[in-house]
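Coordinate inspection notes
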Amino acid sequence: MDADCGHRLLHSGRTPQPVLKFNTMFCMTGRYRDRNSTADRALDILALFSDDRLVLGGQEVAEQLGVARSTAYRYLQSLAASGFVEEARPAGYRLGPQVFELARLARKGLGLSEVARPVMEELCASVGETVLLTRRAGSAVICLEREESDHPVRLSYERGHVLPINAGAAALALLAWLPEAEIDDLATHSGLPRFTGATVTEPLALRERLAAIRAAGVAVTRGELDPDVLGVAAPVRNERAEVIAAVSIAALSHRVPDERLPGITEAVCDAAERISRNLIVVTA
């Protein structure tokens, strides 16, 4: 099958949801007194913040937690000393810089797959074809994620599937932005095996093909790895604009006539750019 996964720049940063929301239940249901530690009460205070409640007053906290106002202020002051809340004029407290630092670290901990999957799901629903996320590993291409279309005839790409470096849209999208010396080294030491009559196997022809892909910003192949498969791939980039992965569609060629190709190409490029932007957000 065609190794097609892939196109362009920096994966729908999905903002992590606060992990403390469940604690609010204890505050609102009167079960708070079952949880008496200082840490529990501090977490419950943080869980009271929401889009509709960005600033909390001491009296409001006291009522929600079922404690004396002086006790609520003591907890708020302790949180303020640690940077988790800060005073908001004229009165009250808002979330402090330590919360934002923790949120930044949480976003940074998201991996490529977590960022890419929501965008891949949308792309699959939009074009109705299988979507792949691939990454280069030395002289091979690895399929990291797959979003399967609902067509009765399915392609056999699986997560962990190893694909060749010189055939298919995903592989070519991953190669196109490598330094020429690295491309030459891969061609020399790994070879350029032939899979179909359309496979590029000559080093000079491969360099010319990759230059055209760089100019277009997208790789399109028909039957280069499997005779019946079309691929459209665009590069995914990190915050340094380095190509780190490719997102692509892989479809039976007869399902994508030439008149349908521009719309699919645009959708794949857009998906790659969205994943790239979201990666920048989560690693900022």
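Residues numbered from 1 in each chain as written. Predicted model: local features only at pLDDT ≥ 70, side-chain atom pairs only at ≥ 80, totals over all residues. Heavy atoms only, no water.

1. With respect to the overall build of the protein
The cut-off we apply is this: Here a helix means four or more residues in a row that DSSP labels H or I, a strand means two or more in a row labelled E, and each is numbered from the N terminus. For each residue, the accessible area found with a 1.4 Å probe, counting protein chains only, is set against the maximum for its type, and the residue is called buried under 20%, exposed over 50%, and partly exposed in between.
From N to C terminus, the protein includes 10 helices and 8 strands. Buried positions account for 47% of the 284 residues belonging to the protein.

2. Looking at the packing of helix H8 (residues 180-190) against helix H9 (residues 203-216)
As a reminder of what qualifies: Angular values range over 0 to 180 degrees, each being the angle between N-to-C directions of two axes fitted as lines to C-alpha atoms, with helices fitted over their stretch in contact. What sets the label is the angle itself: under 35 degrees gives roughly parallel, over 145 gives roughly antiparallel, 65 to 115 gives roughly perpendicular, and the rest give oblique. Two helices crossing with the near one rotated counterclockwise from the far one by less than a right angle form a left-handed crossing, whereas a clockwise rotation gives a right-handed crossing. Residue contacts follow a heavy-atom distance rule, with two residues in contact if any of their heavy atoms lie within 4.5 Å. Put simply, Ala, Val, Leu, Ile, Met, Phe, Trp, Tyr, Cys and Pro go in the nonpolar bin, Asp, Glu, Lys and Arg in the charged bin, and everything else, Gly too, in the polar bin.
Two elements in contact, H8 and H9, have axes separated by 11 Å at closest approach and are oriented at 140°. The angle between H8 and H9 places the two elements in the oblique class. Where H8 crosses over H9, the two elements pack in a sense that is right-handed. Within the contact between the two elements, H8 uses Glu 180, Ile 183 and Asp 184 and H9 uses Leu 206, Arg 207, Leu 210 and Arg 214. Of the residues that constitute the contact of H8 with H9, the class distribution is 3 nonpolar, no polar and 4 charged.

3. Observations regarding the pairing of strand E3 (residues 130-137)
What counts, and what does not: What makes two strands pair is DSSP finding at least two bridges between them.
With 5 bridges joining them, E3 and strand E8 (residues 243-252) adopt antiparallel strand pairing. Its bridge partner lying in E8, Thr 130 is registered against Ala 250. Where E3 and strand E4 (residues 140-147) come together, 7 bridges link them in antiparallel fashion. Paired with Leu 132 across the two strands is Arg 146, which belongs to E4.

4. A few points about the pattern of salt bridges
Worth spelling out the cut-off: The salt bridge criterion pairs a side-chain nitrogen of Lys or Arg with a carboxyl oxygen of Asp or Glu, the two atoms within 4 Å.
By the definition in use, this model includes 15 salt bridges. Among the ionic pairs, Glu 86 bridges to Arg 94, the shortest N-O distance being 2.9 Å. Each of Arg 117, Glu 145 and Glu 147 takes part in salt bridges that share partners, so that together they form one network.

5. Details of unusual backbone geometry
Cis geometry is found at the peptide bond from Arg 89 to Pro 90, where omega equals 5°. When you line up the elements, Pro 90 lands in the loop between strand E1 (85-87) and strand E2 (93-95). At Ala 241, a position not held by glycine, the phi torsion is positive, near 65°. Inspection of the secondary structure puts Ala 241 in the loop between strand E7 (229-237) and E8.

6. Details of the packing of helix H2 (residues 38-47) against helix H4 (residues 69-81)
Look at H2 against H4: their axes get within 10 Å of each other, and the N-to-C directions meet at 85°. When the axes of H2 and H4 are compared, the pair comes out roughly perpendicular. Contact residues: H2 offers Thr 38, Arg 41, Ala 42, Ile 45 and Leu 46, while H4 offers Thr 71, Tyr 75, Leu 76 and Leu 79. Considered class by class, the residues forming the contact of H2 with H4 number 6 nonpolar, 2 polar and 1 charged.

7. Some remarks on H8
What counts here: The arc under discussion is defined with respect to the helix axis, by the directions toward the C-beta atoms.
Those residues of H8 lying buried are Ile 183, Leu 186 and Ala 187. Taken end-on, H8 shows its buried residues confined to a sector of 95°, consistent with a single buried face. Exposed side chains of H8 directed beyond 90 degrees from the buried face belong to Ala 181, Thr 188 and His 189. Buried-residue contacts for H8 involve E3, helix H7 (169-176) and H9. The positive-phi residue at the C-terminal boundary of H8 is Gly 191, with phi of around 80°.

8. Describing the environment of Arg 222
Spelled out, the test is: Polar contact is defined as a pair of N or O atoms within 3.5 Å, subject to the rule that within protein one atom must be able to donate a hydrogen and the other to accept it, and that residues adjacent in sequence are counted only when both atoms are side-chain atoms.
As for its placement among the helices and strands, Arg 222 is situated in strand E6 (residues 219-222). Along the sequence, Arg 222 and Ala 250 sit 28 residues apart, while their C-alpha atoms lie 9.9 Å from each other. Those residues in contact with Arg 222, other than ones at most four positions away along the chain, are Ala 198, Val 229, Leu 230, Ser 253, Val 256, Pro 257 and Asp 258. In terms of polar contacts, Arg 222 uses its side chain to reach the backbone carbonyl oxygen of Val 256, at 2.6 Å.

9. A word on the environment of Pro 257
When you line up the elements, Pro 257 lands in the loop between E8 and helix H10 (261-283). Note: C-alpha distance between Pro 257 and Leu 230 (27 residues apart in sequence) is 9.9 Å.

10. Structural notes on the nonpolar core
Using the following cut-off: For this analysis, a nonpolar core means a set of buried residues of the types Ala, Val, Leu, Ile, Met, Phe, Trp, Tyr and Cys, connected via side-chain atoms within 4.5 Å.
By size, the foremost hydrophobic cluster in this structure holds 30 residues, and its most contacted members are Leu 123, Val 232, Val 236, Val 247, Ile 249 and Ile 275. At the level of secondary structure, the elements contributing two or more residues to this core comprise helix H6 (112-127), E3, E7, E8 and H10. In this structure, Ala 173, Ile 183, Leu 186 and Ala 187 belong to the second largest nonpolar core, which totals 24 residues.

11. Concerning the pairing of E4
From the end of E3 to the start of E4, which pair antiparallel, there are 2 residues, and Gly 138 there has a positive phi angle of about 65°. With 3 bridges connecting them, E4 and strand E5 (residues 162-164) associate as antiparallel partners. Residue pairing across strands places Ala 140 opposite Pro 164, the latter belonging to E5.

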